[in-house]
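A look at the structure
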Amino acid sequence: AAATGNLGKVWMGMGKHDDAIKLFREAYEMRKNGNDVRGACAQAINLGGSLYIVNKDRAEAEKYFQEALDMADEKEMVEMQVTALRSLINHLYEKEAPASDHARAKALRVRLEGMMESRGRGQGR
């Protein structure tokens, strides 16, 4: 699954977008079926980002970002929560996004800032 996801990143960089998306889907399914939540989160984020960049498919991209966040929330994996939140926020703040998405992004940003503040305090900062 790791090699499949990494190859997807390489192919994305080479402009082989459709092949990269197929590999990200495969890696996501492998990670998810193997109960590798951290890996599934990472691949869901890769897949969501690729779908939006390549196909401008906002709905499907958001679905994968949200799925990553839901998995990370369930397992209380702060690092993946932060990554998924950032992906969602960036996606929802797109210029083409409707105002309702911008409002959701602001709410997610408040959540992210609270997590980062708590994390900073927890690390003695």
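Let us look at the structure shown here. (Residues numbered from 1 in each chain as written. Predicted model: local features only at pLDDT ≥ 70, side-chain atom pairs only at ≥ 80, totals over all residues. Heavy atoms only, no water.)

**Here's the deal with the overall build of the protein**
For clarity, the cut-off: Elements are defined by DSSP. Helices are runs of H or I of four residues or more, strands are runs of E of two residues or more, and each kind is numbered from the N terminus. Two things to know: the radius of gyration comes from C-alpha atoms, and the globule rule equals 2.2 Å times the number of residues to the power 0.38. The rule is simple: take the accessible area with a 1.4 Å probe, protein chains only, and divide by the maximum for that residue type; under 20% is buried, over 50% is exposed, in between is partly exposed.
Check the secondary structure of the protein and you find six helices and zero strands. Each helix and strand of the protein, ordered N terminal to C terminal, gives the series α-α-α-α-α-α. A globule of 125 residues ought to have a C-alpha radius of gyration of about 14 Å, and the protein, at 15 Å, matches this closely. Summarising its shape, the C-alpha atoms of the protein cover approximately 40 × 35 × 25 Å along the three principal directions. Counting over 125 residues, the protein shows a buried share of 40%.

**Thoughts on the pattern of salt bridges**
Applicable threshold: One speaks of a salt bridge when a side-chain nitrogen belonging to Lys or Arg is within 4 Å of a carboxyl oxygen belonging to Asp or Glu.
For the structure shown, the criterion picks out seven salt bridges. Between Arg 25 and Glu 60 there is a salt bridge, with the nearest N and O atoms lying 3.2 Å from each other. Of the two residues, Arg 25 is situated in helix H2 (residues 17-33) and Glu 60 in helix H4 (residues 58-75); the sequence distance between them amounts to 35 residues. Asp 36 is the partner of Arg 31 in a salt bridge, and the nearest nitrogen-oxygen pair spans 2.5 Å. Exposure remark for Asp 36: the relative accessible area of 26% places this residue in the partly exposed category. When salt bridges with common partners are traced through the structure, they connect Arg 58, Glu 62, Asp 101 and Arg 104 into a single cluster.

**A look at the packing of helix H3 (residues 37-55) against helix H5 (residues 78-92)**
The condition is simple: Fitted lines through C-alpha atoms serve as axes, helices being fitted only where they are in contact, and the angles separating the N-to-C directions of these axes extend from 0 to 180 degrees. When describing relative orientation, an angle under 35 degrees is termed roughly parallel and one over 145 degrees roughly antiparallel, while 65 to 115 degrees is termed roughly perpendicular and anything else oblique. Whether a crossing is left-handed or right-handed is set by the direction in which the near helix is turned from the far one by less than a right angle, anticlockwise for left-handed and clockwise for right-handed. Note on contacts: a residue pair is in contact if any heavy atoms of the two residues lie within 4.5 Å. When residues are grouped by polarity, Ala, Val, Leu, Ile, Met, Phe, Trp, Tyr, Cys and Pro land in nonpolar, Asp, Glu, Lys and Arg in charged, and all others, Gly among them, in polar.
Where H3 meets H5, the axes come as close as 10 Å, and the angle between the chain directions of the two elements is 15 degrees. Judged by the angle between their axes, H3 and H5 are roughly parallel. Of the two possible hands of crossing, H3 and H5 adopt the one that is left-handed. For the pair H3 and H5, contact is made by Arg 38, Cys 41, Ala 42, Ile 45 and Tyr 52 and by Glu 79, Met 80, Thr 83, Ala 84, Ser 87 and His 91, respectively. When its residues are assigned to classes, the contact of H3 with H5 shows six nonpolar, three polar and two charged.

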